[in-house]
Amino acid sequence: MALGAWYLDLHECRHVARSTDTHLKSSSTVSPPSSIMRSTHASFTRKVEEMKPSKSDINWVIMDYLVSEGYPGAAEKFAQETNLPGPVDNESIRERVRVRNAIHGGRLDEAIELINEIDPEILDNNHLLHFHLLQLQLIEIIRTVLAKPGSNPAATDFLPAIKFATEQLSPRAPTDPKYQQALERTMALMIFPPEKMTPEFKELLDEELRRKVAVDVNKAILESRGERSEAKIRQLIKARAWAEQEAKAAKVDLPAYIPLGLDAADELGGVDGDAMVS
Amino acid sequence: MADTLAAIYPMGSMEALPEVELEAQATALRMLKNEIVGHDQRKERQVCDGVVDMLVGVLSLHQRTTGSRKSDANGPTPVTWSWTQKDEVRLQATFVICTLANGGAAFVPPLLAAGMPQVLMDSLAQTTAPRLRTATLQALWNIVSAWSALQVDPGEAASTVCVDILTKQGIDVLSGILRSTLSDGAHIQQLQLRLIADINQERRGLSVFESITQGGDVDHVNALCSWLLLLARSMQGHSRLVALRLLALVNNAVDADSFDVGHRSEYMQKNRERKKQIALLGVPLAAKLVQMASEGRSSGSDRSADHDDMLVKEQACNVLALLVRDFDELQVAAVDAGAIKHVCPILKKSFDPVPPAKPMWSARRTAGNADSTSSPPTRRPGSQGLPPETLHAMRCRQGALQALAALAEKEDVHRKAIVEAGVVPCIFDSLKPFPPDYSTDDKRRGQVVGPKDGNTTAVLLAACRAAKTMARSVSLLRTSLIDAGIAKPIFQLLHHADPEVQLAATDACINLLLEFSPMREDLIAEGVVKTLCSQAKRCGLGGANGDLRLRVSSLWALKHLMSASPREIKVKTLEELGSGWLIGIIRGEQQQAREYVSAPGGGVSVGLSAPNAAGERVDLLNPQSSGMDVDVDEADPLAEEDDEQQYGNDEECANDEEGDGEVMFDISSSTHYQASQLRSTLNKHHHPPTSPTATQVPAFNSRRYLSSVRAIEQTPALRAQQAEVAVQEQALDFIRNLLNGEDCASMFDHLLQLIGAGRIFDVLTEKLVPVGIDPATGSGGATSSTRPIYGPSALIISTVNILTHIANALPRHKQLLIAQKPLLKAWLPHFIHPDRKVRVACVWAVNSLTWIDDESDRRDARQRAQELRACGIEGAVRRLLGDEDLDVRERARTGVRQFEQL
């Protein structure tokens, strides 16, 4: 209750400040209300400064990021520099890196075999993920045909793609509309020449799709090992965004823009980004 | 694919398979694995091609060759582990098995035909390599869970396949792994723990956990529980559920184990702290998972795995039930956390129709099963079982019913809340089995088994339990339960083919047959008397425990039926049972039930708590009259039924509320009594380290002694004896209720006519004399001990209450009773029985005997009083004027006054 009342006070201060601001235009005296208003922001900044997260906590979060996102080399170096214990199971990180690299490189058969080597349960139980990987593989097969120099590929060039689709993807297709639609779209890649494709088809050829699937695969592997499927820092950022939203909804006086400090632009842009002051 | 198989398993000797060929074998297995992962149709083809035999061959062969470095599963994992090519082959083969078993129920018959569970267990015993161990456990778990799907297939009712991995050896291996797992907490071990917990859940086996908690002291257990709580809180989704399940199993195992009398109050204090911790930290987590399952929310932050959510939905309620069952404070904690609010929608939702999954497509025509009968069983996939959606609904329903049964166990408020949630009709619907002609093969004819078509056996059992605990509320019995028409489906389940269902339905019947139950008439009209009587009589001689459980429950229900029933019903029931049979049952058809007494040195019995009248667990903190008693609570399947007794017996007992335990050794009288559940079997091998006398009592608290007692208790022979005593108790109470009421005199005349006075009183005397002594001569017998050992006090109470009823009949019946000299002699020692309930019953009986019916009876009454004085009973009553129990004192005062008025 006390906290709520405090929020209300701040809100009223702000209101007062706004009305006195207009009044100030005709007077040149230093305005106390304005200083009140500034002090609320200042108190936020001060509070931020007062929060001194321990360096080891921050280092831990960074290490966690490197481990779960799969940067074994960096993790090792970081461990040396910060005197943190190195990642416990470097091999398991490297396994994930190999899978990720294979997906990014379009070598899907290799990726699937690697995943099955880690734990065959992953793809055996997660049909959607398995389907996505197979779909990517089909896309890669089609891509090689499309990429052949020369005129339009002959219909027979696509035979391996059709064979693959028949054996690997089709059995699952009728079980759910989402599989069927995905398969149909992918097959459509064989019909349209790349330059005439609509964006929804182009999307399939975009390598961004590989990255998306790779992230899902990484998560699935982490989960299969009973680990957190996401780096802690991602959760922290989400929690921050949520808290900011809640605070704004409760009309707590906050700077309109609180930089994360991740982008260079943030550093240059108005740290005191309150439009009202200017 | 035949080529691959050939590459994997070349015929001939593999003993000296060179490294190169091993590598080729591993590669071939790897290829096979990649071929079938995620492709169920290919799995089926592989099985038909004989892959199962090949895998068994590979695994058992390499086990033999790697036998030289047979590992010690109990020891710590070696730090340096060299992964050999043979390990690699085994790993890949195990992966293939994992994947095959994931294919579902159809793959269970071929895997079992090949003896795969045993092969895997052997493999588990021989390896400490974490990867291989994890994969092997995973494979076992996959087989067990596929098997459990097969179990619920209504078309496979007669299925005889069973997975029996929890053999003695299996338990040793698993608990060995658990021990090493608990000592180092790497994530891979955590995963193993999860798998083991799951395997155990499927088999409902506590054994593995009992074996780790056994010998551990309360601090150890509390630390383990705290760690599991921490683990549960740090995890998400299904893993969290598994941690909670482990917590429940450990807690239940400890509770069954709780007899450390040495530092009793400290021990109890620690037990209470643990319960409190679980109530505050564990139960709300379980309730939260139930809520998530109920609201269809994903349990993790952003999980991609539907599989995990599905498992949470199916199991959250079960885990909650397991946690709170038998602990009323935890039940309250669960309801406070909103359990009823969230469980009920799950139950309702399980009846919603689900769109059946569309079948997979195949480029090839699926080969007809024309030649399937000719192929060996290891190459023949079985039925796919229920459609997965229906199976899911059944599992959710079963879990929700279990949770409701547990929540409604003790608190009437909870039962009312359940009724208000409107799920009583769902319980009713859950009592209907699938129609007998239903078969899952029907789906080939275009018919699909949906969630509304019936219920699996597991659901039926859970529904019976829910009905049973709900029916403990008298007001519900007379309102919502009768409205829902719950009696009819339960009656029909009495004729179900599965003996477990029969038993559960009988248990549910017990409360429906109570005097004030409006369903009594309906059930009688349906023919419940005949059914129950034939059930009671059906079990064969020397039958298994299960048979006796059905006998106990049936007699229990009939006992309820006897109370305040019209004379015709009583006569008819007695006729149906047969008076000869009844007497035989009370005497104990199997005389070995009397052999247990030969305790060397008159060993002290470590007793179980008797079921008290209110069905409460015995409160160990409240000191008993003698202060030296040893009482133990046991999670015995029979004891579970105890609370039904609260309505059953006649008024003398009905207002006994306070809890008490069996007192086994009464210091003041130096009398030894047997626990009601007959725990006194201490044979020579398990002789307690000390010969207990009053001064030596603290010595018998040693853990070694207790674990030896425990070991004996778990013997099947003792279990059988416990069941035997329970049967006798119910049979005696049947007679007791038969004689209770207005028509007491005419019923007793009826008994006299049927059985004969001599036989009746012989049997009653037999129940009162020390065990092992010939009632006729009053001497000899198996025990030459100077201290007599008496039968369980439950039997003595029942017997004395029958005496009361006889004494309440006509004056001539009183005279008949007083003429039984051996009976009076046998009765006398029980006036100083350490159990106050026995003493009260004794005085009641005397008071009835000295009661003057009318003027014409006065002379006879005086004569009866003289008889009682002559045999010392009057003196015994007078001594009870100074009894520590108020009730006993008051009754004794009345008794003495009646003596003086004569």
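The rules behind these values
- Counting restarts for each chain: residues are numbered from 1 in the order of the written sequence.
- Chain A is the first chain written and ligand 1 is the first ligand written, with later ones labelled in order.
- Given that the model is predicted, a residue must reach a pLDDT of at least 70 before its local features are reported, and side-chain atom pairs must reach 80 or more before they are shown or counted; all residues, however, enter totals for whole chains, interfaces and linings.
- Heavy atoms from the whole structure form the basis of all side-chain values; hydrogens and water molecules are not counted.
- Helix numbers and strand numbers start at the N terminus; a helix is a DSSP run of H or I with at least 4 residues, a strand a run of E with at least 2.
- Per-residue accessibility, obtained with a 1.4 Å probe over protein chains only, is compared with the maximum for each type, and a residue is labelled buried under 20%, exposed over 50%, and partly exposed between these values.
- Contacts: residue pairs with any heavy atoms within 4.5 Å of one another.
- Method for areas: the Shrake-Rupley scheme with a 1.4 Å probe, in which residue coverage is limited to the protein chains shown.
- UniProt positions are given in the numbering used here, feature names are shortened, and annotations may be inferred rather than shown by experiment.
- Under this scheme, a helix contributes an axis fitted over its contacting stretch, all axes are lines through C-alpha atoms, and angles between N-to-C directions fall in the 0 to 180 degree range.
- Geometric relationships in this document are graded by angle, where less than 35 degrees denotes roughly parallel, more than 145 denotes roughly antiparallel, 65 to 115 denotes roughly perpendicular, and other angles denote oblique.
- The handedness criterion is simple: a crossing whose near helix is rotated anticlockwise from the far helix by less than a right angle is left-handed, and one whose near helix is rotated clockwise is right-handed.
- For this classification, Asp, Glu, Lys and Arg are treated as charged, while Ala, Val, Leu, Ile, Met, Phe, Trp, Tyr, Cys and Pro are nonpolar and the rest, including Gly, are polar.
- Salt bridges are counted wherever a side-chain nitrogen of Lys or Arg sits within 4 Å of a carboxyl oxygen of Asp or Glu.
- A score from 0 to 100, pLDDT tells how confident the predictor is in each residue.
- For any pair of parts, buried area is found by adding up, for both, the accessible area (1.4 Å probe) each one loses once the two are put together.

Some details on the overall build of chain B
Consideration 1: A tally of helices and strands in chain B yields 43 helices and five strands.
Consideration 2: In chain B, which comprises 902 residues, the proportion classed as buried is 59%.
Consideration 3: Taking the intrachain contacts of chain B between residues at least 6 apart in sequence as the baseline, contacts between residues at least 24 apart amount to 80%.
Consideration 4: Only carbon and sulfur atoms are counted for the fraction: they give 53% of the accessible area of chain B, which is about 34,700 Å².

Focus on the UniProt feature "domain: CTLH" (unreviewed entry) in chain A
Consideration 1: Within this structure's numbering, the places UniProt gives as "domain: CTLH" (unreviewed entry) are residues 92-149 of chain A.
Consideration 2: Along residues 92-149 of chain A one finds 86% helix and 0% strand; the C-alpha atoms at either end are 40 Å apart.

Concerning the packing of helix H18 (residues 388-407) of chain B against helix H21 (residues 457-470) of chain B
All names here are of chain B.
Consideration 1: Where H18 contacts H21, the two axes come as close as 8 Å, and the packing angle between them is 20°. Here H18 lies roughly parallel to H21, going by the angle between them. Every pair of crossing elements has a handedness; the one defined by H18 and H21 is left-handed. The segment H18 lies against H21, with Met 394, Arg 397, Gln 398, Leu 401, Gln 402, Leu 404 and Ala 405 engaging Ala 458, Val 459, Ala 462, Ala 463, Arg 465, Ala 466 and Thr 469.
Consideration 2: In the contact of H18 with H21, the residues fall into nine nonpolar, three polar and two charged.

Regarding the pattern of salt bridges
Consideration 1: Tallied over the full model, the rule gives 44 salt bridges over all chains.
Consideration 2: In this structure, the salt-bridge partner of Lys178(A) is Asp176(A), at a minimum N-O distance of 3.9 Å.
Consideration 3: According to the relative accessible area criterion, Asp176(A) is partly exposed, its value standing at 25%.
Consideration 4: Note that Asp429(B) is salt-bridged to Lys432(B), the shortest N-O span being 3.4 Å.
Consideration 5: Classification of Asp429(B) as partly exposed rests on a relative accessible area of 29%.

With respect to the confidence of the model for chain A
Residues and elements named next belong to chain A.
Consideration 1: Counting all residues, the mean pLDDT for chain A is 78, and 78% of those residues have values of 70 or more.
Consideration 2: At the level of individual helices and strands, chain A shows its lowest average pLDDT in helix H1 (residues 2-24), which scores 34, and its highest in helix H6 (residues 108-118), which scores 95.
Consideration 3: Contacts from residues 1-38, a stretch scored under 50 in pLDDT, to residues over four places away or in other chains number 18 contacts.
Consideration 4: In this model, residues 266-278 is a region of pLDDT below 50 whose contacts with residues beyond four sequence positions or in other chains number 15 contacts.

What about the packing of helix H34 (residues 716-739) of chain B against helix H35 (residues 744-755) of chain B?
All names here are of chain B.
Consideration 1: Contact pair H34 / H35: the axes reach a minimum separation of 8 Å and the direction vectors enclose 130°. Compared by their axis directions, H34 and H35 come out oblique. Here H34 contributes Ile 735, Leu 738 and Leu 739 to the contact with H35, which in turn contributes Cys 744, Met 747, Phe 748 and Leu 751.
Consideration 2: Each residue belonging to the contact of H34 with H35 can be placed in one class, and the counts come to seven nonpolar, no polar and no charged.

Re the interface of chain A and chain B
Consideration 1: Across the contact, 31 residues belong to chain A and 32 residues belong to chain B.
Consideration 2: Across the chain A/chain B interface, buried area totals approximately 2,600 Å², and carbon plus sulfur atoms make up 43% of it.
Consideration 3: Joining chain A to chain B, the criterion identifies three salt bridges.
Consideration 4: Between Lys43(B) and Asp124(A) there is a salt bridge, and its shortest N-O distance comes to 3.0 Å.

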